[in-house]
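# A structural walkthrough
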There are 2 protein chains.
Amino acid sequence: MKDKNKPTSLDIAHLAGVSQPTVSRALRDSPLVSKETRLKVQEIARDLNYKVDVNARNLRAQSTNTIALLIFEDDDGDAAFINPFFLSLLGSITRACASAGYDLLFSFQQLSQDWNAEYEDANKADGLIFLGYGDYTNYIKRIAKLDAQGAHFVTWGPVIKNQPGLFIGCDNVQGGFLAADHLLKAGHRRIAFLGDLSEKNPELEKRYQGYLKAHKEHGVAISKELIFSATSGEEQGYKAALNLLSSQHQFTAIACTSDLIAIGAIKALRASNLRVPSDVAVVGFDDIPIAEHISPSLTTVQQDTYEAGKVLVDSVVSLIKGQSVNSKLLPTRLMVRESCGTKK
Amino acid sequence: MKDKNKPTSLDIAHLAGVSQPTVSRALRDSPLVSKETRLKVQEIARDLNYKVDVNARNLRAQSTNTIALLIFEDDDGDAAFINPFFLSLLGSITRACASAGYDLLFSFQQLSQDWNAEYEDANKADGLIFLGYGDYTNYIKRIAKLDAQGAHFVTWGPVIKNQPGLFIGCDNVQGGFLAADHLLKAGHRRIAFLGDLSEKNPELEKRYQGYLKAHKEHGVAISKELIFSATSGEEQGYKAALNLLSSQHQFTAIACTSDLIAIGAIKALRASNLRVPSDVAVVGFDDIPIAEHISPSLTTVQQDTYEAGKVLVDSVVSLIKGQSVNSKLLPTRLMVRESCGTKK
DNA sequence: CACTACTGTGCATACGTATTCAGTGAATGA
DNA sequence: TCATTCACTGAATACGTATGCACAGTAGTG
């Protein structure tokens, strides 16, 4: 079954009447070999359908030409569910890897695993890309260890001063600002906020910063009683909105830190016979594919996943090459749809 | 930067006062080494945070412990778009790989590439899993070559007699039957069908077979004038529905070969001031995440992606081990929601 | 003509592991 | 006591590639 007798560089050497090292050089277009020899060798290689054995090459070169994309989860996370935002990142990361000449290893990880040992030490990958919403404080501890080990890795997440490791993320403050600013410009003055403000999720906290900033610029006071906690996910949004409703406080709009929360909130509003957007305007965050298709379509903040994937891959490649790289924020963009009431 | 001085089995050998082969054996729990030596070696390995170098191991063992998941596209495909159904498969495939002890390499492929050379010949992967809607006739030609080369691969797709290679797919005939049967039971007699019936997409053609079968069982004649072509994607569904509408033929329901087509069709119906489901009932196929969230929520045929991922991985692993594997159909399930009008 | 520079090639070797084979000492059996 | 088996270990080697080094031949320089 397995005896496919794959040709090796030595086979080519015999056929071409040269030595194995010459074959190796010729195939890599080394200027050390004469044009004549090079062409002959390459032709034979093509005829034999020869491919360099990556294991041998990697062993010799002590590198892997591979990047590992790791989606991590809280240890108690729902194993079947992948955050739709990460899925859209996946596509662009995959393409960026391909054009950078790297293979992509894909896996889910538990927060408790030893990532460095598993991938870089085992020479499975030259660098790592992490995606994950989870407990930030816990995650940072792991990261710090990785960083100390000299691993090459980049995380999609919040950019915070003095944190260990390299982070690429969207400008959450700007995103939160865009959403709130849009509602304020539309005349809303009492805008509820549904999101997680604990230190576990600094990204979401930054969106709240943007919410504050917009209020400040518009000279509108914040109503603390309109802030409700919701980690992520539809159910959380549903519950948070119910809490908001039962609090009896007045509001005309809701800003959410994720589309899933917004979707849950809309369901809760509907269940209470409130209409979106005529009674309450709603904005989300992420622009997951569903956002455009629900009814009313969801006004939300779009993160540039295409650019994000590119930057993530470029960053980790630079790290691998030993270049120094800085954390980076990517701009966000407001997608105005029906749920905020400013568009038909 | 790179001088991390990873420990090798030889380092452990020195520390343990044994030879390198003994370390290799001890770490693999070989019965050849005494319990005493084994424990000592394993302890030292743990202390040093030692990990076997997979490149060296693979080179020696001439295997890779890796499966490649390849999503292929027509050469002119939209590079940024991944079929949402494949994304849901991705999750279960990833987990199945992990529990089978394989790493997963992920990549997009053009139909014109030489997959065998790229992966198996280069010793990047022991086996391949293909996902893709595309030109089946063209694909089969490539597959035939792969098969002749003795590659280990499995495709998610239609199960057809005497085709080369190994296919795992859902029971499309059954799925198409379930959808049409449900509409017929609800009293619909003129049910339009939107899908691609060319030989390029046998999976979709099978769904049509199920549609026919249901009509036959119910003793309802097919109305050929209600069959319209739509390859996939929302726009195609939109256009096909417009064609259907402008044909002026009577109909009370539409069966679609994909959720995206159904979504496009619903938009077209709306644009023509027809209401779903009160004027026209619609059913889709795939149960992509959006299906549940649109309004009205979409009645559709669910494929068991969890089981599918597991079976795909199990199959390719069996192939790698040299066992013979048969193509297999997985059952489908009707998800009754609002768009068919039988549920509030 | 002698010396240097340069071009192209091959030799030897290393990457880290897993396996074949041979060998040691101890235990067993007669 | 000697032959035989057994349990364990180490020496040697191969997997296929890439690179430092030496070397041959040719061209260039004065």
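Computed from a predicted model, the values in this text were never measured in an experiment.

With 51 residues of chain A at the interface, the matching set in chain B holds 51 residues. Summed over both partners, the interface of chain A with chain B buries about 4700 Å², with 53% contributed by carbon and sulfur atoms. Counting the surface chain A buries against chain B, the share from its top three residues, Asn-55, Arg-95 and His-293 of chain A, is 14%. Across the chain A-chain B interface, the total number found is 2 salt bridges. When the shortest N-O distance is used, the salt bridge between Asp-103 of chain A and Lys-124 of chain B registers 3.0 Å. For the pair chain A and chain B, the interface holds 18 residue pairs in polar contact (both at pLDDT 80 or more). Of all the elements in the fold, those that place two or more residues in the side of chain A that touches chain B are helix H4 (54-61), helix H5 (84-100), strand E2 (103-110), helix H6 (115-121), helix H11 (259-271) and helix H12 (289-293) of chain A. The leading source of residues in the side of chain A that touches chain B is E2 of chain A, at 6 residues. For the side of chain A that touches chain B, the class distribution of residues is 19 nonpolar, 16 polar and 16 charged.

A few words on the packing of aromatic side chains. Applying the stated criterion to the full structure yields 27 aromatic pairs over all chains. Relative to Tyr-211 of chain A, the ring of Tyr-208 of chain A lies with its centre 5.7 Å away and its plane at 20°, an arrangement referred to as stacked. Remark: Tyr-211 of chain A and Tyr-208 of chain A occur in helix H9 (residues 202-217); sequence separation between them is 3 residues, near one turn of the helix. Owing to a relative accessible area of 8%, Tyr-208 of chain A belongs among the buried residues under this scheme. Judged by centre distance (6.0 Å) and plane angle (40°), the rings of Phe-72 of chain B and Trp-115 of chain B are tilted. Of this pair, Phe-72 of chain B sits in strand E1 (residues 66-73) while Trp-115 of chain B sits in helix H6 (residues 115-121); the two residues are 43 residues apart in sequence, bridging distant segments of the chain. We note that Phe-72 of chain B, like Trp-115 of chain B, is buried. Of note, Arg-95 of chain A hangs over the ring of Phe-108 of chain B, and the distance from its end group to the ring centre comes to 4.0 Å. A cation sits over an aromatic face here: Lys-124 of chain B above Tyr-119 of chain B, 5.6 Å from the ring centre.

In this section: the protein's contact with DNA strand C. Around DNA strand C, the surrounding shell holds 26 residues, and the nearest of these are Thr-22 and Thr-37 of chain A together with Ser-9, Tyr-50 and Arg-60 of chain B. For DNA strand C, the backbone portion of the atoms within 4 Å of the protein, that is sugar and phosphate, comes to 53%. At 3.3 Å, a side-chain N or O of Arg-28 of chain B approaches a phosphate oxygen of DNA strand C. Contact between DNA strand C and Arg-57 of chain B: a phosphate oxygen at 3.5 Å from a side-chain N or O atom of the residue. Mapped onto the surface near DNA strand C, the elements with two or more residues apiece are helix H2 (20-27) and H4 of chain A together with helix H2 (20-27) and helix H4 (54-61) of chain B. Residues belonging to the surface near DNA strand C are distributed by class as follows: 9 nonpolar, 10 polar and 7 charged.

A few words on the domain arrangement of chain A. According to the domain assignment, chain A consists of domain 1 (9-52), domain 2 (66-170 + 305-330) and domain 3 (172-303 + 334-340). One C-alpha centre belongs to domain 1 of chain A, the other to domain 3 of chain A, and the line joining them spans 62 Å.

With an RMSD of 0.2 Å, chain A superimposes on chain B once it is rotated by 180° and translated 0.1 Å along the axis. In symmetry terms, the pair is related by a two-fold rotation axis. A high fraction, 98%, of the interface residues of chain A reappear at the interface in chain B, so the copies pair face to face through one surface.

About the criteria used
Position labels on residues start from 1 in each chain and follow its written sequence. Labels are handed out in written order, letters beginning with A for the chains and numbers beginning with 1 for the ligands. With pLDDT at 70 or above as the cut-off, local features in this predicted model cover only qualifying residues; side-chain atom pairs require 80 or more to be listed or tallied, and sums for whole chains, interfaces and linings still use all residues. Values shown for side chains rest on all heavy atoms present in the structure; no hydrogens or waters enter the calculation. Pairs of residues are marked as contacts when any of their non-hydrogen atoms sit within 4.5 Å. Accessible area that two parts lose when put together, with a 1.4 Å probe and added across both, is what the buried area reports. Salt bridges are counted wherever a side-chain nitrogen of Lys or Arg sits within 4 Å of a carboxyl oxygen of Asp or Glu. Pairs of N or O atoms are called polar contacts if they sit within 3.5 Å, as long as, within protein, a hydrogen donor faces a hydrogen acceptor (for residues adjacent in sequence, only side-chain-to-side-chain pairs). Secondary structure elements are defined from DSSP: runs of H or I of at least 4 residues count as helices, runs of E of at least 2 residues count as strands, and each element is numbered from the N terminus. Throughout, the ten residues Ala, Val, Leu, Ile, Met, Phe, Trp, Tyr, Cys and Pro are labelled nonpolar, Asp, Glu, Lys and Arg are labelled charged, and all others, Gly among them, are labelled polar. Here the aromatic set is Phe, Tyr and Trp, taking the six-membered ring for Trp, and pairing holds for ring centres within 6.5 Å; pairs whose planes are under 30 degrees apart are stacked, those over 60 apart are edge-to-face, and all others are tilted. Buried, partly exposed and exposed residues are distinguished by accessible area as a fraction of the type maximum, computed with a 1.4 Å probe on protein chains only: under 20%, between the cut-offs, and over 50%, respectively. Criterion for a charge above a ring: Arg CZ or Lys NZ at most 6 Å from the ring centre, at most 35 degrees from the ring normal. The cutoff for a nearby residue is simple: one of its non-hydrogen atoms must lie within 4 Å of the molecule or strand. Delimitation of the domains relies on an automatic or database domain assignment. When the copies are superposed, the least-squares fit draws on C-alpha atoms of residues that have pLDDT of at least 70 in both.

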